[in-house]
Amino acid sequence: MTQDAEVDALVRARIRGLRIAKGWSLDELAARCYLSPSTLSRIETGHRRIGLDQLTAIARALGASLDSLVETAGDEVMITPHHHPERGITTWVLTHEPGRQGMTVARMRVTKPAERGPDALRVHPGRDWFTVLSGTVELILGDRTILVEAGQAAAFSTMVPHAFGARGGPAEVIAILDHDGERVHLDT
């Protein structure tokens, strides 16, 4: 099977899968994207080529982007951890949306305590959010120290000088970082 044929089959399967996930019949989706049910059926089964105008209308009706319908599945099924032993952090990037408006979701295992002192606190534009899965995280915000325990979450402006670390043993968190937070917390 050629790459074009693989992408074509993938798009058709995604259209059908999204339609079924929404609980819509062929008639319901066809009405929403202004196609006849028979045309939509032939598109889903591969008996008709998909025009860009049809694909755009179908994607809009399904609430999906064209990118999500045509992107090919990558080979990356396993997420590789990134170890930063000097910082005591191991990171697994779960999702990443590139660009200034993009967000990154990462699982982090923190083993070292929060660094102290004015040089240890970072400041950058944006906001960070995290929830603690296990252990306790010590969050330093300016002159405040906040203990965030398993099951709790924290959100804060990253314009406040901040640092974080494990308290009393390793901690695991899920963090949501904006573009600047990703650059500072994951790339350094």
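The coordinates are above.
Conventions and cut-offs
Residues numbered from 1 in each chain as written. Predicted model: local features only at pLDDT ≥ 70, side-chain atom pairs only at ≥ 80, totals over all residues. Heavy atoms only, no water. Buried < 20%, exposed > 50% of the residue type's maximum accessible area, 1.4 Å probe, protein only. Helix = DSSP H or I, 4+ residues; strand = E, 2+ residues; numbered from the N terminus. Pairing = 2+ DSSP bridges. Phe/Tyr/Trp six-rings, centres within 6.5 Å; stacked < 30°, edge-to-face > 60°. Lys NZ or Arg CZ within 6 Å of the ring centre and 35° of its normal. Axes fitted to C-alpha atoms, helices over the stretch in contact; angles between N-to-C directions. Salt bridge = Lys/Arg side-chain N within 4 Å of Asp/Glu carboxyl O.

Draft legend 1. Structural detail: the pairing of strand β7 (residues 153-157). Only one face of β7 is covered, namely the one carrying Ala-154 and Phe-156; the face carrying Ala-153, Ala-155 and Ser-157 has none of its residues buried. Note that strand β4 (residues 127-134) and β7 share 5 bridges and pair antiparallel. Across the sheet, Asp-128 pairs through a bridge with Phe-156, a residue of β7.

Draft legend 2. Layout of the packing of aromatic side chains. Inspection of the entire model under this criterion finds 1 aromatic pair. Over the face of the ring belonging to Trp-24 we find Arg-32, whose NZ or CZ atom lies 4.0 Å from the ring centre. A cation over a ring is seen here: Arg-107 above Trp-92, with NZ or CZ 4.1 Å from the ring centre.

Draft legend 3. Quick peek at the pairing of strand β3 (residues 103-110). Along β3, the buried face is formed by Thr-104, Ala-106, Met-108 and Val-110; none of Met-103, Val-105, Arg-107 and Arg-109, which line the opposite face, is buried. Alignment of β3 against strand β9 (residues 171-178), held across 8 bridges, turns out to be antiparallel. Note on β9: the bridge partner recorded for Met-108 is Val-173.

Draft legend 4. Spotlight on unusual backbone geometry. Non-glycine residue Tyr-34 carries a positive phi angle of around 60 degrees. Relative to the helices and strands, Tyr-34 is located in the loop between α2 (26-32) and α3 (37-45).

Draft legend 5. Quick look at the sheet that holds strand β8 (residues 162-166). With antiparallel pairing, 3 strands are arranged side by side in an open sheet as β6-β5-β8. Each edge of the sheet is formed by a strand with only one pairing partner; in this case those strands are β6 (144-149) and β8. The mean angle between the axes of side-by-side strands here comes to 20 degrees, regardless of whether they run parallel or antiparallel. The pairing of strand β5 (residues 136-141) with β8 spans 5 bridges and is antiparallel. Counted as the bridge partner of Val-137 is Ala-166 from β8.

Draft legend 6. Local environment of the pattern of salt bridges. Taken as a whole, this structure holds 6 salt bridges when the rule is applied. In this structure, Glu-172 and Arg-109 form a salt bridge, with 3.1 Å as the shortest nitrogen-oxygen distance. Residue Glu-172 is located in strand β9, and its partner Arg-109 is located in strand β3; the two are separated by 63 residues in the primary sequence. Among the ionic pairs, Arg-116 bridges to Glu-138, the shortest N-O distance being 2.7 Å. Of this pair, Arg-116 sits in the loop between β3 and β4 while Glu-138 sits in strand β5, and the two are 22 residues apart along the sequence. Accessibility expressed as a relative area gives 4% for Glu-138, which makes it buried. Several salt bridges converge on common partners, so that one network encompasses Arg-107, Arg-109 and Glu-172.

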